[in-house]
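Each chain, letter by letter, is given below.
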Amino acid sequence: MAGLKIFVLFCFLVSLNCELKAQSNESISVEGHIFAEIVTVFSAVETAQLNFGRFTPGPQGGQIVITPQSSVSVLGSVFPAIGTHNAGCFYVSGDLDAAFTITLPDQPVVLKHNSSGRSMIIEDWVSTPNQGVGAGILQNGEKLVYIGATLKVGTLQDNPVGVYAGTYSITFDFN
Amino acid sequence: MKNFTKFLTIVVIGLAFCFNSHAQVSTTASASATIVTALTITKVTDLSFGRFAVNAAGTVTVGTDNSRSQTAGCALFGGGAVTAASFSVTGEPSRTYTISIVTPVTLTHTVTPANNLVINTFVTNPVSPATLAAGANTLLVGATLNADGSEIAGDYTGTFTVSLNYN
């Protein structure tokens with residue numbers, strides 16, 4: 001009787017072994033790993049408008065230059081008046097230590113008089129950090145970008161008293 | 001009479017066994033067995049979607065040619081590896097096999113596991129069923145992950161299982 005039990009057990013083990021061998025030959029699996037990284041959404045918000053301040057055009061006209069550091073200088077027959085002026089400023093945020101490229105307007109931007117339709121143009125845009133590939137770095141995931149430019153001012157006849165306003169586009173490229 | 005009948009019966013049965021043993025014949029039969037090369041698969045490269053931003057619901061796809069694309073809601077960024085997964089497959093030359101990958105697969109944020117990305121679609125090159133032309137294949141696997149727009153920034157990881165079956 002004991003011999004019969006051993007025989008039955010032996011047969012079972014043999015059959016099990018055959019089954020396992022067949023399985024290993026016919027199918028096989030392997031595991032792969034997957035990785036993805038989501039980075040912080042990049043954003044740019046204007047925190048200060050570019051403002052050339054108050055001034056009076058002279059008989060020949062001239063230029064007002066604002067640097068990214070908000071210092072102002074006047075060329076030609078333009079006379080500054082009391083008031084505020086400042087460089088444009090953008091708060092740029094995103095991935096930690098990410099590099100980005102600033103692209104400033106490459107065409108003159110027009111400022112329109114609020115009622116007469118007269119205009120002035122802005123050109124010679126500059127920024128801090130400088131524009132150029134990868135010139136900006138988001139230290140701690142953020143950066144303030146300051147914008148300066150030169151305003152071309154005509155004569156008082158060309159540019160009557162009033163408020164002149166316009167918009168400009170600046171691109172921050174994170175690729 | 002009764003005893004005679006019993007005796008006769010025993011004799012007949014005994015003779016029957018005797019005749020039976022003398023009637024045994026022998027013949028030969030064929031037996032064959034074929035040992036096939038076992039199917040093996042080894043991972044060579046993991047699947048990596050690289051770096052991207054999620055603004056809203058969207059998808060990021062890595063093709064088997066290591067290309068990457070996205071739909072609205074996701075923005076692709078450089079600075080990270082973008083690779084299809086690759087596996088080395090060996091087995092019986094000219095034999096076909098089926099490739100299967102169980103979906104969905106979830107990628108979990110490494111710090112905040114409640115955040116995850118889901119993969120519902122995998123693509124392979126070669127497609128299933130594939131043929132082990134010379135007994136070896138490189139199996140490439142790409143996929144499309146889905147973001148619902150609520151994911152936070154950070155690293156996401158997960159695993160997927162590739163199963164092969166001889167046809």
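About the cut-offs
Residues numbered from 1 in each chain as written. Chains lettered and ligands numbered in written order. Predicted model: local features only at pLDDT ≥ 70, side-chain atom pairs only at ≥ 80, totals over all residues. Heavy atoms only, no water. Pairing = 2+ DSSP bridges. Helix = DSSP H or I, 4+ residues; strand = E, 2+ residues; numbered from the N terminus. Axes fitted to C-alpha atoms, helices over the stretch in contact; angles between N-to-C directions. Buried < 20%, exposed > 50% of the residue type's maximum accessible area, 1.4 Å probe, protein only. Contact = heavy atoms within 4.5 Å. Buried area = accessible area lost by both parts, 1.4 Å probe. Salt bridge = Lys/Arg side-chain N within 4 Å of Asp/Glu carboxyl O. Phe/Tyr/Trp six-rings, centres within 6.5 Å; stacked < 30°, edge-to-face > 60°.

Q: Tell me what's going on with the sheet that holds strand 6 (residues 99-103) of chain A, and back it up with residues and numbers.
A: Residues and elements named next belong to chain A. In spatial order, the strands read 9-6-12; together these 3 strands make up an open sheet with antiparallel pairing. Among the strands making up the open sheet, the edge pair consists of strand 9 (132-137) and strand 12 (171-173). For this sheet, the mean angle separating the axes of adjacent strands, direction not counted, is 45 degrees. Of the strand pairs in this sheet, strand 6 and strand 9 are connected by 3 bridges, and their pairing is antiparallel. In the sheet register, A99 faces strand 9, and the bridge partner there is I137.

Q: Can you tell me about the pairing of strand 2 (residues 47-54) of chain B, naming the residues and giving the values?
A: Residue and element names in this part refer to chain B. A large share of strand 2 lies buried, amounting to 8 of its 8 residues. Relative to strand 5 (residues 74-83), strand 2 is paired through 6 bridges, and the arrangement is antiparallel. The residue bridging A53 from the neighbouring strand is A75, located in strand 5.

Q: Before we move on, can you summarise the interface of chain A and chain B with the specific residues and values?
A: Taken together, the contacts link 21 residues of chain A with 42 residues of chain B. In total, chain A and chain B occlude about 2800 Å² of area from one another, counting both sides; carbon and sulfur atoms represent 54% of this. When the buried surface of chain A facing chain B is broken down by residue, A:V30, A:I34 and A:I38 rank first, second and third, together holding 28% of it. Here chain A is connected to chain B by 1 salt bridge.

Q: Outline the packing of aromatic side chains, listing residues and values.
A: If you walk through the whole model with that rule in mind, you get 6 aromatic pairs over all chains. Ring geometry for B:F122 versus B:F160: centroids 5.1 Å apart, planes at 25 degrees, classification stacked. Placement of the pair is B:F122 in strand 9 (residues 116-125) and B:F160 in strand 12 (residues 154-166), with a sequence separation of 38 residues. Pairwise contacts between aromatic rings join A:F90, A:F100, A:W125, A:Y168 and A:F172 into one cluster.

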